[in-house]
Amino acid sequence: MEFNLSEEQAMLRDSVRAMAKQEILPFAAAIDEAGAFPWDQVNRMSELGLMGIAVPEKWGGSGMDNVSYALAAEEVSAACASCGVIMSVNNSLAGDPIRRFGTDEQKERWLKPLARGEIMGAYGLSEPGTGSDAAAQKTTAVRDGDGWVINGAKNFITNGAEAKVIVAFAMGEPDKGVKGINAYLIPADTAGYSVAKNEDKLGIKGSSTSQIHFDEVRVGPEALLGNPGDGFKIAMTTLDGGRIGIAAQALGIARQAFEEARDYSLERSSFGRPISKHQAIQFKLADMATEIDAARLLIWRAALLKDQGESYGQAAAMAKLYASEMSQRVTNQALQVYGGYGYCKDYPAERHLRDARITEIYEGTSEIQRIVIARGVLADS
Amino acid sequence: MNLGLSETQTILRESTRRFSKERLAPFAHAREQNHCISHATIKELGDLGLLGVNLPEALGGAELGAVSYALALREVAKGDASVAVTMAVTNMVGEVIQHFGTPEQQKGHIPKLTSGEYFGGAFALSEPSAGSDAGSLKTTARRDGDSWVINGEKLWITTGDQAGVIVVWARTGEPGPRGISCFLVSCDAPGLTAGKPEEKMGLRASHTVALSFVDVRVPSSSMLGKEGEGFKIAMRALDGGRIGISAQALGIAGAAMDEVRSYALERKQFGKTLDQFQAIQFKLADMATELEAGWLLTLRAASLKESGKQFSREAAMAKVFATEAANRAVREAVQIFGGYGYIEEFPVARHYRDCRVTQIYEGTSEVQRIVIGREVCKDSGF
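For clarity, every value in this text was computed on a predicted model and none was experimentally measured.

### Quick look at the overall build of chain A
So, point 1. Counting secondary structure elements, chain A contains 12 helices and 10 strands.
So, point 2. Taking the principal axes of the C-alpha coordinates as reference, chain A spans close to 80 × 50 × 40 Å.
So, point 3. By the burial criterion, 62% of the 381 residues in chain A qualify as buried.
So, point 4. Long-range pairs, those at least 24 residues apart, make up 73% of the contacts in chain A between residues at least 6 apart in sequence.
So, point 5. Here chain A displays about 14400 Å² of accessible surface, and carbon together with sulfur accounts for 49% of that area.

### A word on the pattern of salt bridges
So, point 1. Following the criterion strictly, the structure yields 50 salt bridges over all chains and no others.
So, point 2. Across the pair A:Arg243 and A:Asp240 runs a salt bridge, and its minimum N-O distance is 3.7 Å. A residue pair is termed a helical-turn pair when its members lie 3 or 4 positions apart in one helix, as A:Arg243 and A:Asp240 do in helix α7 (residues 231-267) at 3 residues. Residue A:Arg243 shares its accessibility class with A:Asp240, and that shared class is buried.
So, point 3. Here B:Arg242 makes a salt bridge to B:Asp239, at a shortest N to O gap of 3.7 Å. With a gap of 3 residues between them, B:Arg242 and B:Asp239 both fall in helix α7 (residues 230-266), about one helical turn apart.
So, point 4. Its relative accessible area of 4% is what places B:Arg242 among the buried residues.
So, point 5. According to the relative accessible area criterion, B:Asp239 is buried, its value standing at 13%.

### Some details on the pairing of strand β3 (residues 147-158) of chain A
So, point 1. Note that strand β2 (residues 140-144) of chain A and β3(A) share 5 bridges and pair antiparallel. Of the residues in β3(A), the one forming a bridge with A:Ala141 is A:Ile150.

### Some details on the interface of chain B and chain A
So, point 1. Facing the 40 residues of chain B at the interface are 40 residues of chain A.
So, point 2. Summing both sides of the interface, chain B and chain A together bury roughly 3900 Å²; the carbon and sulfur share of this comes to 73%.
So, point 3. Remark: the boundary between chain B and chain A carries 4 salt bridges.
So, point 4. Its salt-bridge partner being A:Arg370, residue B:Asp286 comes within 2.6 Å of it at the nearest N-O pair.
So, point 5. Where chain B meets chain A, there are 8 residue pairs in polar contact (both at pLDDT 80 or more).

### A closer look at the packing of α7(A) against helix α8 (residues 279-307) of chain A
All names here are of chain A.
So, point 1. The contact between α7 and α8 brings their axes to 10 Å, and the two run at 155°. As far as their axial angle goes, α8 and α7 are roughly antiparallel. The way α7 lies across α8 gives a crossing that is left-handed. For the pair formed by α7 and α8, the contact residues are Gly241, Ile244, Ala247, Ala248, Leu251, Ala254, Arg255, Phe258, Ala261, Arg262 and Ser265 on the first element and Ile281, Leu285, Met288, Ala289, Ile292, Ala295, Arg296, Ile299, Ala302, Ala303 and Lys306 on the second.

### A closer look at the environment of B:Val209
All names here are of chain B.
So, point 1. Examined against the element boundaries, Val209 turns out to sit in strand β7 (residues 208-219).
So, point 2. Along the backbone, Val209 and Lys154 are 55 residues apart, and their C-alpha atoms lie at a distance of 8.4 Å.
So, point 3. When neighbours within four sequence positions are excluded, Val209 is seen to be in contact with Lys154, Leu155, Trp156, Ile157, Gly160, Asp161, Ala194, Gly195, Lys196 and Pro197.

### A word on empty space enclosed by the protein
Residues and elements named next belong to chain A.
So, point 1. Summed over the entire model, instances satisfying the criterion amount to 2 cavities of 30 Å³ or more.
So, point 2. Estimated volume of the largest cavity: approximately 90 Å³.
So, point 3. Considering the residues around the largest cavity, the lining is formed by Ala54, Val55, Asn66, Tyr69, Asn91, Ser92, Asp96, Arg99, Gly241, Gly242 and Lys306.
So, point 4. Elements with a contribution of two residues or more to the lining of the largest cavity: α4 (66-79), α5 (81-101) and α7.
So, point 5. Counting residues per element, the lining of the largest cavity draws most heavily on α5, at 4 residues.
So, point 6. Residues belonging to the lining of the largest cavity are distributed by class as follows: 3 nonpolar, 5 polar and 3 charged.
So, point 7. As a volume, the second largest cavity reaches approximately 40 Å³.
So, point 8. Lining the second largest cavity, in full, are Ala28, Ile31, Asp32, Cys80, Ala81, Ser82, Gly206, Arg351 and Asp355.

### Looking at helix α1 (residues 7-24) of chain A
So, point 1. Look at α1(A): 24 Å from first C-alpha to last across 18 residues, which is about the 26 Å you get at 1.5 Å a residue.
So, point 2. Every buried residue of α1(A) is listed here: A:Gln9, A:Ala10, A:Leu12, A:Val16, A:Met19, A:Ala20 and A:Ile24.

### Regarding the packing of helix α4 (residues 65-79) of chain B against helix α8 (residues 278-306) of chain B
Residue and element names in this part refer to chain B.
So, point 1. The N-to-C vectors of α4 and α8 enclose an angle of 145°; their axes lie 6 Å apart at closest approach. Residues Gly65, Ala66, Val67, Ser68, Ala70, Leu71 and Arg74 of α4 form the contact with α8, whose own contacting residues are Trp295, Thr298, Leu299, Ala302, Ser303, Lys305 and Glu306.
So, point 2. Classifying every residue of the contact of α4 with α8 gives 7 nonpolar, 4 polar and 3 charged.

### Let's talk about unusual backbone geometry
Glycine aside, a negative phi is what most residues show, and trans is what most peptide bonds show.
So, point 1. You will see that A:Phe271, though not glycine, has its phi angle at about 50°, which is positive.
So, point 2. On the secondary structure map, A:Phe271 appears in the loop between β9 (269-270) and β10 (273-274).
So, point 3. A positive phi angle, close to 55°, is found at B:Glu63, a residue other than glycine.
So, point 4. You can see B:Glu63 is positioned in the loop between α3 (39-47) and α4.

### Regarding the environment of A:Gly121
Residues and elements named next belong to chain A.
So, point 1. Within the secondary structure, Gly121 sits in strand β1 (residues 121-124).
So, point 2. The buried category is assigned to Gly121, whose relative accessible area is 0%.
So, point 3. Taking the C-alpha atoms as reference, Gly121 lies 39 Å from Tyr264; in sequence the two are 143 residues apart.
So, point 4. Those residues within four positions of Gly121 in sequence are excluded, and the remaining contacts are Val89, Asn90, Ala94, Leu114, Thr158, Asn159, Ala163 and Val165.

### Digging into the confidence of the model for chain B
So, point 1. For chain B, the average pLDDT comes to 97, and 99% of its residues sit at 70 or higher.
So, point 2. Here the complex is predicted with pTM 0.95, and the ipTM for its interfaces comes to 0.93.

### Notes on the packing of aromatic side chains
Each aromatic ring pair is specified by the distance between its two centres and by the angle formed by the two planes.
So, point 1. With the rule as written, the count across this model stands at 16 aromatic pairs over all chains.
So, point 2. Measuring from ring centre to ring centre gives 4.9 Å for A:Tyr338 and A:Tyr347, while their planes differ by 50°; the resulting arrangement is tilted.
So, point 3. For A:Tyr347, a relative accessible area of 29% corresponds to the partly exposed category.
So, point 4. Both rings, one in B:Phe270 and one in B:Phe277, keep their centres 6.2 Å apart while their planes meet at 70°; by these two values the pair is edge-to-face.
So, point 5. Residue classification places B:Phe270 among the exposed positions, given a relative accessible area of 78%.
So, point 6. Members of the aromatic cluster, connected to one another through ring pairs, are A:Tyr264, A:Tyr338, A:Tyr341 and A:Tyr347.
So, point 7. The ring of B:Trp295 has B:Arg74 sitting right over it, with the charged end atom 3.8 Å from the ring centre.
So, point 8. Directly above the aromatic system of B:Phe277 lies the positively charged group of B:Lys272, at a separation of 4.8 Å from the ring centroid.

Reading the values: the criteria
- Residues numbered from 1 in each chain as written.
- Chains lettered and ligands numbered in written order.
- Predicted model: local features only at pLDDT ≥ 70, side-chain atom pairs only at ≥ 80, totals over all residues.
- Heavy atoms only, no water.
- Helix = DSSP H or I, 4+ residues; strand = E, 2+ residues; numbered from the N terminus.
- Buried < 20%, exposed > 50% of the residue type's maximum accessible area, 1.4 Å probe, protein only.
- Contact = heavy atoms within 4.5 Å.
- Areas by Shrake-Rupley, 256 points an atom, 1.4 Å probe, with all protein chains shown as cover.
- Salt bridge = Lys/Arg side-chain N within 4 Å of Asp/Glu carboxyl O.
- Pairing = 2+ DSSP bridges.
- Buried area = accessible area lost by both parts, 1.4 Å probe.
- Polar contact = N/O pair within 3.5 Å; in protein donor to acceptor, adjacent residues only side chain to side chain.
- Axes fitted to C-alpha atoms, helices over the stretch in contact; angles between N-to-C directions.
- Parallel < 35°, antiparallel > 145°, perpendicular 65-115°, else oblique.
- Left-handed = near helix turned anticlockwise from the far one by under 90°.
- 1 Å grid on protein atoms, 1.4 Å probe; cavity = no way out; pocket = protein on both sides within 12 Å on 5 of 7 lines; lining within 4 Å.
- Points joined across faces, edges and corners; volume = space filled by probe spheres on them.
- Nonpolar A, V, L, I, M, F, W, Y, C, P; charged D, E, K, R; others polar.
- Expected span 1.5 Å × (residues − 1).
- pLDDT = per-residue confidence, 0-100.
- Phe/Tyr/Trp six-rings, centres within 6.5 Å; stacked < 30°, edge-to-face > 60°.
- Lys NZ or Arg CZ within 6 Å of the ring centre and 35° of its normal.

Written out as structure tokens, the structure is:
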């Protein structure tokens with residue numbers, strides 16, 4: 001048993017940390033304030049190969065493992081949570097299903113530019129009336145010659161406004177239920193594809209969240225990902241991997257909030273001594289640090305299982321559930337350490353709290369994670 | 001990174017699991033009722049190598065490392081938490097003698113600890129007025145020719161009336177942590193008397209006693225480590241001990257988890273089994289997730305210890321997290337059992353009672369947080 005990082009993993013972490021600290025962190029407040037997609041920072045991440053970390057080099061990626069992916073996602077998210085989710089979606093939700101289920105032609109056309117960061121990708125599963133209950137897809141795909149005509153709306157699509165391609169799910173054969181769902185790679189410039197609305201959000205304001213409409217969108221056979229009926233399986237296995245990324249994002253946000261609060265507690269005095277000397281503050285810091293470490297270990301375990309080709313759905317659900325709820329607690333306590341200053345925008349504490357909140361919701365709410373975990377626990381019996 | 005078990009570790013876990021299931025769990029209730037663990041059970045632990053998991057073979061240990069120790073202790077605790085604490089303290093005493101003792105001290109005591117010839121070892125640090133604040137202890141040791149004379153009172157000493165050897169901390173110098181030294185005292189030393197075992201909320205088969213030292217004379221050769229080194233020895237031993245208590249807590253909670261899962265699959269209310277209700281599912285999900293996180297923290301601390309690295313902070317994190325997660329889990333387990341959880345017919349009530357002390361002994365949760373808080377502030381650039 002060995003909890004250490006390999007030399008390669010440690011090098012990646014250190015180089016991403018250094019880049020993120022210098023080239024992303026200083027802009028995080030402005031990115032949040034402007035609510036604009038951080039192209040400069042995304043381009044730097046692309047140059048470093050962070051948009052396809054676990055994608056083989058042959059397909060434009062960095063050819064590293066999922067532990068490395070988690071490390072990079074933590075570092076980027078510590079600097080800027082918006083950049084963290086942009087990176088995570090390109091890696092896990094757009095790139096990974098194409099790597100796993102795509103044909104060589106699809107990989108050539110989409111995976112390469114996604115992994116290199118030349119284009120952004122998106123993942124279209126949620127709908128206005130279909131969130132956690134993803135099997136109840138209302139978007140339809142009707143056979144039309146050798147292709148399909150797709151109609152419907154996708155909701156809360158990260159990178160939706162920038163994406164050049166979306167991995168979208170639609171009901172092809174409603175009488176087959178879950179097994180009637182298909183997955184498609186739909187180019188954003190297809191006629192009938194439109195970005196209907198960009199959401200204004202509580203946090204991760206630099207990342208776009210859009211509603212995408214498909215109005216008589218006609219796609220050919222080359223757009224189908226996997227086989228007809230594979231859609232739901234593709235959606236779920238993709239989310240398993242995505243959860244590692246979001247857990248790492250939650251972890252990065254929490255770590256940053258913790259470190260800032262700790263440093264503040266050493267400088268700020270009350271009742272004649274630094275507040276770090278008060279047990280009320282010490283104990284918060286101790287709990288924050290402990291829970292951060294616990295989350296990181298759960299994340300590494302899930303990533304490692306994925307790297308070893310073992311089943312990791314339950315481990316990823318545990319990592320996501322724990323890390324996201326931990327992140328909400330930690331960012332909340334970090335803000336508390338700052339007192340009134342924490343509530344004001346002069347300090348990043350309030351942004352961390354807002355940014356962390358989404359991690360309990362997207363890529364499977366905490367409630368969905370608990371359903372997944374409980375199913376596994378009961379099956380062990 | 002490699003989170004898998006080695007073949008040896010897997011074998012140890014499986015054999016300990018079998019032993020715990022067949023030899024410990026079925027008699028845990030009886031042991032508790034009788035307030036007693038038989039010496040034969042201790043010897044069985046010895047035969048399996050469980051009393052010196054991380055001690056050298058030359059001294060009768062199994063020499064399997066700190067990770068194996070955590071694995072084995074968790075399995076034993078699933079069967080009987082009282083046996084587990086006896087095992088934990090005996091391993092801790094063996095390790096502290098191995099780490100700080102002279103070859104004579106090692107040869108004199110460790111083989112008797114690891115074989116189970118001794119009922120176990122005891123660790124006498126706490127006093128009536130010195131618990132978390134161990135550095136303020138009042139027991140004294142006065143030099144008298146070639147011996148030391150110990151006077152004072154110790155409290156909450158696990159196995160204190162049964163152990164073959166007791167590690168005793170006493171003040172030999174200035175006030176505060178630097179004036180403390182450590183001694184190995186035989187259980188039959190004249191002047192040493194043990195009080196009646198305390199009546200406790202849990203761990204009822206394990207004895208917890210007060211020890212009274214009235215002019216207890218021990219030879220100079222019984223000092224463990226150097227004069228004034230006692231506090232350092234205690235802290236080092238407790239760092240390792242915390243890994244054990246984390247594993248114990250997780251074992252207790254693991255047993256509760258297994259029982260509650262089976263119960264949820266069988267028990268019917270409103271026309272369906274409990275596992276069909278999200279209220280119950282979500283409790284199980286939280287319990288499993290937190291116990292897994294606690295286990296990873298415990299293994300990380302053990303793995304660092306095994307590779308000879310610093311592990312104080314990590315052991316403190318493991319202990320506070322694992323014991324608190326385990327206590328939440330056993331509380332929820334009682335809740336899922338409902339009224340049946342509150343009666344002693346099912347073991348879950350015992351698990352709940354047994355688990356509570358893990359947040360108190362070998363450093364309370366509050367002491368762990370002080371350790372962690374101090375450490376994380378050191379990381380800062382300030």
